[in-house]
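# A look at the structure
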Amino acid sequence: MSASTLLHAPLSRTYTSTAGCRVLRSLQVRRAASSSAQYVPGGPIYKGTVNDPTTFPPPSKMHGSHHWSFERLLAASLVPMTAAAFVTSGSSYPALDGIFGVSLVMHSHIGFDCMLVDYLHPRKFPFLGNFMKWTLRTMTLGVLVGVYQFNTNDIGLTELIAKAWKA
């Protein structure tokens, strides 16, 4: 309700007095000052006005249907690779250890990346979203190095799964 409507409304005389006008004008000035888009921690960051068009990211083959198909193919391929780990021994097929290790790490990375995109979007959380994205990339690289070391210097993933299944 605007200040002029309040001044002309049939209310008590306190609203039409000089002090009442000053209070209403100060409220109107505060409301106008607070209507500008300011950053609120954890809240959205507005750029432009509501009438501006939405900007779309440039098209990429790694997003959309190709990306989704790759994720499903990778998830489906983990089932036969896990079954092959039970049937064979890791020392006989080191290539299976390598493919299985990289596939597990890629599957985990894609899953955690989807979680970060959904819940820590960089537009809403500009610092935390980017920080967590780079933390995930660093951790994925560290896990890949660890899986490589485990497959080359130790018993390997397929032997580990076979021993854990028998234990």
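As a reminder, the structure under discussion sits directly above these lines.
Predicted model only: the values in this text are computed from it and were never measured. (Residues numbered from 1 in each chain as written. Predicted model: local features only at pLDDT ≥ 70, side-chain atom pairs only at ≥ 80, totals over all residues. Heavy atoms only, no water.)

### As for the pattern of salt bridges
Cut-off, in case you're wondering: Criterion for a salt bridge: a side-chain nitrogen of Lys or Arg within 4 Å of a carboxyl oxygen of Asp or Glu.
Applying the stated criterion across every chain yields a total of one salt bridge. Here Arg72 ties to Glu71 by a salt bridge, and the two come within 3.7 Å at their closest N and O atoms.

### Details of the nonpolar core
What counts here: For the purposes of this section, nonpolar cores are sets of buried Ala, Val, Leu, Ile, Met, Phe, Trp, Tyr and Cys residues that join through side-chain atoms within 4.5 Å. With a 1.4 Å probe rolled over the protein chains alone, any residue whose accessible area is under 20% of its type maximum counts as buried; one over 50% counts as exposed, and the rest are partly exposed. Helix numbering and strand numbering both begin at the N terminus, where a helix is a DSSP run of H or I of at least 4 residues and a strand a DSSP run of E of at least 2. Between two residues, a contact is recorded if the distance between any of their heavy atoms is within 4.5 Å.
In terms of nonpolar packing, the biggest core is built from seven residues, these being Leu78, Met81, Leu96, Phe100, Val105, Val147 and Leu157. Secondary-structure elements contributing two or more residues to this core are α4 (65–87) and α5 (94–119). Beyond its immediate chain neighbours, meaning those up to four positions away, Val105 contacts Thr140, Val143, Leu144 and Val147.

### Concerning α5
Rules: Given the number of residues in a helix, its expected span is that number minus one, multiplied by 1.5 Å.
Given a rise of 1.5 Å per residue, 26 residues ought to cover 38 Å, and the 38 Å separating the end C-alpha atoms of α5 matches this to within 8%. Residues of α5 that are buried include every one of Leu96, Asp97, Phe100, Gly101, Ser103, Val105, Ile110 and Leu116, and no others. Contacts made by the buried residues of α5 are with α4, α6 (126–153) and α7 (157–166).

### What to know about α7
Helical periodicity: at 3.6 residues per turn, an α-helix aligns residues three or four positions apart in one direction. Those residues of α7 lying buried are Leu157, Thr158, Glu159 and Ala162. Buried residues along α7 sit against α4, α5 and α6.

### Side note on the side chain of Ser103
Spelled out, the test is: Nitrogen and oxygen atoms within 3.5 Å of one another constitute a polar contact, given that in protein one can donate a hydrogen and the other can accept it, and given that sequence-neighbouring residues count only through two side-chain atoms.
Take Ser103: it is sitting in helix α5. Relative accessible area serves as the criterion here: at 8%, Ser103 is assigned to the buried category. Of the polar contacts made by the side chain of Ser103, one reaches the backbone oxygen of Ile99; its length is 2.8 Å.

### Here's the deal with the environment of Thr82
Within the secondary structure, Thr82 is located in helix α4. By relative accessible area, Thr82 is classed as partly exposed at 27%. Remark: the alpha-carbon pair of Thr82 and Ile161, spanning 79 residues in sequence, is separated by 8.5 Å.

### A few points about the packing of α5 against α6
The following threshold applies: Axis definition: a line fitted to C-alpha atoms, limited for helices to the stretch in contact. Angles are taken between N-to-C directions and run from 0 to 180 degrees. Small angles under 35 degrees read as roughly parallel and large ones over 145 as roughly antiparallel, with 65 to 115 read as roughly perpendicular and the rest as oblique. Working rule for handedness: look at the near helix, and if it is turned counterclockwise from the far one by less than a right angle, call the crossing left-handed; if clockwise, right-handed. Put simply, Ala, Val, Leu, Ile, Met, Phe, Trp, Tyr, Cys and Pro go in the nonpolar bin, Asp, Glu, Lys and Arg in the charged bin, and everything else, Gly too, in the polar bin.
Between α5 and α6, whose axes approach to 10 Å, the crossing angle comes to 165 degrees. Taken together, the axes of α5 and α6 lie roughly antiparallel to each other. Pair α5 / α6 crosses with right-handed handedness. Two secondary-structure elements touch here, α5 through Asp97, Gly98, Gly101, Val102, Val105, His109, Phe112, Asp113 and Leu116 and α6 through Met132, Lys133, Leu136, Arg137, Thr140, Val143, Leu144, Val147 and Asn151. By residue class, the composition of the contact of α5 with α6 is nine nonpolar, five polar and four charged.

### Structural notes on the packing of aromatic side chains
To keep it simple, the criterion reads: Any pair of Phe, Tyr and Trp rings, taking the six-membered ring for Trp, is counted once the centres come within 6.5 Å. Such a pair is stacked with planes under 30 degrees apart, edge-to-face with planes over 60 apart, and tilted for the rest. Whether a charge sits over a ring depends on NZ of Lys or CZ of Arg being within 6 Å of the ring centre and within 35 degrees of the ring normal.
Tallying each qualifying case throughout the model produces one aromatic pair. When the ring of Phe127 is compared with that of Phe131, the centres are 5.9 Å apart and the planes differ by 10 degrees; the resulting orientation is stacked. A residue pair is termed a helical-turn pair when its members lie 3 or 4 positions apart in one helix, as Phe127 and Phe131 do in helix α6 at four residues. Here Phe131 falls in the partly exposed class, since its relative accessible area comes to 46%. Seen from the ring of Trp134, Arg137 lies directly overhead, with NZ or CZ sitting 4.5 Å from the centre.

### Here's the deal with a nonpolar patch on the surface
Put simply, the rule reads: To count toward a patch, a residue needs a relative accessible area above 30% and no salt bridge. Like charges then connect within 9 Å, nonpolar side chains (Val, Leu, Ile, Met, Phe, Trp, Tyr) within 5 Å. Working definition of accessibility: Shrake-Rupley area with a 1.4 Å probe, residue cover restricted to the visible protein chains.
Taken together, the side chains of Phe70, Val102, Met106 and Leu144 make up a nonpolar region of the molecular surface, amounting to roughly 290 Å² of accessible area. As for its placement among the helices and strands, Phe70 is situated in helix α4. For Phe70, a relative accessible area of 35% gives the class partly exposed.

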